[in-house]
Protein chains: 2
Amino acid sequence: MARTTGSDGEKTEAAVREAAVSLIARFGYEAMSMRQLAAEVGVQAAALYRYFPTKEDLLFTLMREHMEGLSAAWEAARPTTADPARRLAAYVRNHIAFHIERRHATHVSNMELRSLSHERLTQILRMRTAYEKELRAVLRDGVETGVFDIDDTGLTAMALIQMMTGVIVWFRPGERLSVAEVTASYLSMTMRLVGARIDTGTGEERHVHEHAQLRA
Amino acid sequence: MARTTGSDGEKTEAAVREAAVSLIARFGYEAMSMRQLAAEVGVQAAALYRYFPTKEDLLFTLMREHMEGLSAAWEAARPTTADPARRLAAYVRNHIAFHIERRHATHVSNMELRSLSHERLTQILRMRTAYEKELRAVLRDGVETGVFDIDDTGLTAMALIQMMTGVIVWFRPGERLSVAEVTASYLSMTMRLVGARIDTGTGEERHVHEHAQLRA
DNA sequence: CAAATAATAAAACAAACGTTCAATTAATTC
DNA sequence: GAATTAATTGAACGTTTGTTTTATTATTTG
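Residues numbered from 1 in each chain as written. Chains lettered and ligands numbered in written order. Predicted model: local features only at pLDDT ≥ 70, side-chain atom pairs only at ≥ 80, totals over all residues. Heavy atoms only, no water.

Across the contact, 33 residues belong to chain A and 33 residues belong to chain B. Across the interface of chain A and chain B, roughly 3,000 Å² is buried in total on both sides, 55% from carbon and sulfur atoms. A per-residue breakdown of the area chain A buries against chain B is headed by R114(A), L155(A) and R192(A), which together make up 25% of the total. The interface formed by chain A and chain B contains six salt bridges. Two residues, E112(A) and R114(B), come together in a salt bridge whose shortest N-O distance is 2.7 Å. On inspection of chain A and its partner chain B, the count reaches twelve residue pairs in polar contact (both at pLDDT 80 or more). Residue classes in the side of chain A that touches chain B are distributed as 17 nonpolar, seven polar and nine charged. (Contact = heavy atoms within 4.5 Å. Buried area = accessible area lost by both parts, 1.4 Å probe. Salt bridge = Lys/Arg side-chain N within 4 Å of Asp/Glu carboxyl O. Polar contact = N/O pair within 3.5 Å; in protein donor to acceptor, adjacent residues only side chain to side chain. Nonpolar A, V, L, I, M, F, W, Y, C, P; charged D, E, K, R; others polar.)

Residues in close proximity to DNA strand C total 27 residues, the closest being A2(A), G6(A), Q44(B), R50(B) and Y51(B). For DNA strand C, the fraction of protein-proximal atoms (within 4 Å) that sit in sugar or phosphate groups is 66%. Measuring from a phosphate oxygen of DNA strand C, one finds a side-chain N or O atom of K55(A) at 2.8 Å. In the environment of DNA strand C, a phosphate oxygen lies 2.8 Å from a nitrogen or oxygen atom belonging to the side chain of T12(B). (Near = heavy atom within 4 Å.)

Near DNA strand D, the surroundings consist of 27 residues, among which Q44(A), Y51(A), A2(B), G6(B) and K55(B) are the closest. A breakdown of the atoms of DNA strand D within 4 Å of the protein gives sugar and phosphate a share of 64%. Taking Q44(A), its main chain carries an N or O atom lying 2.7 Å from a phosphate oxygen of DNA strand D. Mapped onto the surface near DNA strand D, the elements with two or more residues apiece are α1 (9-27) and α3 (45-48) of chain A together with α2 (34-41) of chain B. The residue makeup of the surface near DNA strand D, split by class, is eleven nonpolar, ten polar and six charged. (Helix = DSSP H or I, 4+ residues; strand = E, 2+ residues; numbered from the N terminus.)

A separate point is the packing of aromatic side chains. Aromatic ring pairs are reported here in terms of the distance separating the ring centres and the angle at which the planes meet. Residues and elements named next belong to chain A. Summed over all chains, the structure comprises eight aromatic pairs over all chains. Here the aromatic rings of Y91 and Y131 are separated by 5.0 Å at their centres, their planes lie at 25°, and the arrangement is stacked. On the criterion of sequence distance, the pair formed by Y91 in helix α5 (residues 84-101) and Y131 in helix α7 (residues 118-144) is long-range, its members being 40 residues apart. On the accessibility criterion, Y91 (0% relative accessible area) is buried. For Y131, a relative accessible area of 4% puts it in the buried group. Note that K55 overlies the ring of Y29, its terminal NZ or CZ placed 4.5 Å from the centroid. (Phe/Tyr/Trp six-rings, centres within 6.5 Å; stacked < 30°, edge-to-face > 60°. Buried < 20%, exposed > 50% of the residue type's maximum accessible area, 1.4 Å probe, protein only. Lys NZ or Arg CZ within 6 Å of the ring centre and 35° of its normal.)

So, on to the packing of helix α4 (residues 55-77) of chain A against helix α6 (residues 103-111) of chain A. Residues and elements named next belong to chain A. The geometry of α4 relative to α6 is characterised by a closest axis approach of 9 Å and an angle of 115° between their N-to-C directions. As far as their axial angle goes, α6 and α4 are roughly perpendicular. In the crossing of α4 with α6, the sense of the turn from one axis to the other is left-handed. Taking contact as the criterion, the partners of L59, M63 and H66 in α4 are, on α6, A105, T106, V108 and S109. In terms of residue class, the contact of α4 with α6 is built from four nonpolar, three polar and no charged. (Axes fitted to C-alpha atoms, helices over the stretch in contact; angles between N-to-C directions. Parallel < 35°, antiparallel > 145°, perpendicular 65-115°, else oblique. Left-handed = near helix turned anticlockwise from the far one by under 90°.)

All names here are of chain A. By domain assignment, chain A separates into domain 1 (7-52) and domain 2 (55-215). With 13 residues of domain 1 in contact, the opposing surface of domain 2 contributes 14 residues. Between domain 1 and domain 2, roughly 1,300 Å² of surface is buried when both sides are summed, and carbon and sulfur atoms account for 73% of that area. At the junction of domain 1 with domain 2, the criterion picks out one salt bridge. Its salt-bridge partner being E65, residue R17 comes within 2.4 Å of it at the nearest N-O pair. Linking domain 1 to domain 2 there are five residue pairs in polar contact (both at pLDDT 80 or more). Among the elements that take part in the side of domain 1 that touches domain 2, α1 stands out by supplying six residues, more than any other. Counted by class, the side of domain 1 that touches domain 2 contains ten nonpolar, one polar and two charged residues. (Domains from an automatic or database assignment.)

This next bit is on the side chain of E132(B). In this structure, E132(B) sits in helix α7 (residues 118-144). Lacking a salt bridge, the buried E132(B) has R128(B) as its closest oppositely charged neighbour, with an N-O distance of 4.6 Å. (Lys, Arg positive; Asp, Glu negative; His and termini not counted.)

Printed below as a string of structure tokens:
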């Protein structure tokens, strides 16, 4: 009826986060009750309020840290080269790897935005926009240097992100396709979609995706 | 305190459906209360149960009819030609037009699947799979006749559908782009993505999307 | 115009919700 | 080993939830 033997705040908080991501991804934020979450962690509902003042604070924390993780992953993976095709390939690889690795958290961040207060929604959307801006910059550079052939960079960026993020909807590790195969296919599709080509100087044009695939 | 003047079952039911789609799309199925829905319609909560036995029945009805509408739209739009490029273009046009036109209903059908019972979920997913199968068939035909160049038709079909459906996330009518412009861009991106080309008989290859754009 | 039917309101139900509070015990500090 | 702090329980709070029941009124039918 009180503190339990072996209880540890840090471990409990981590367990709460993990269980929350899983439950919200499976049942939805509104459908997950604090009691259900507590039971999953092996604790009473009241104990949750030691770590998160409200249910919405919990949701917001999960989302913010997911977005921070995504930005950080891209910072770490961003190549130094100016070559738009290579930068685009890095973006695609990072995006797909991150989203497959954190399927549940991505589901939460994409599906539960409407449960945030206005200001918190704005905050998350700002982070998302900043991340997407990176892709638009790569596409614009590619257009300006003539290696990409794109109608509308903004529209193309959205289409690409939707396409890539969609991987979490149908992809299941250990089934027909491996992560590497999926990544290679998406790289190929991306490079074609943006009309990527490298001028070999002989007037002959080759699709970059043929190279990209080899490195996937 | 009882039947109101001018009350009409058919009109009320239609108003309930419409309000439900809007509210569920905005706030989510779990977050929408029956009282909130009733208030939107201008009626007491109990009146809703004249038309839908439970809240979940209401959700299921909305989803089923949405999927039926999507299939019916494709049946009507499906071209008689065997040409895979033309059939693919028709699929893309129909998909985008339908989803832009029914943004809210699509949101409901895509986001609230987890609130369905197992058997009803299965039923909706069956309809969705049947619809997606049409796209896979087009892609496969294109590969077999040599007009498409595709890694994996299943994966490509999913990527295309995610990309196209994603339009409802960012597109708002009356803003920067018109429906026709968006459709043209998506057609172009689709044709490139599947490596569409028509053999002109001279050994020269041209991308089909250059033609498709003209018809958008 | 009376009888039957359709459409609603109003009130109530038990269950579940997020959250708070006080009490209690484990671990840590001095 | 006593005092302090950390972690949790159990019970309770007021709301809100989906749904049912009963009564009441508008409309349609004969």
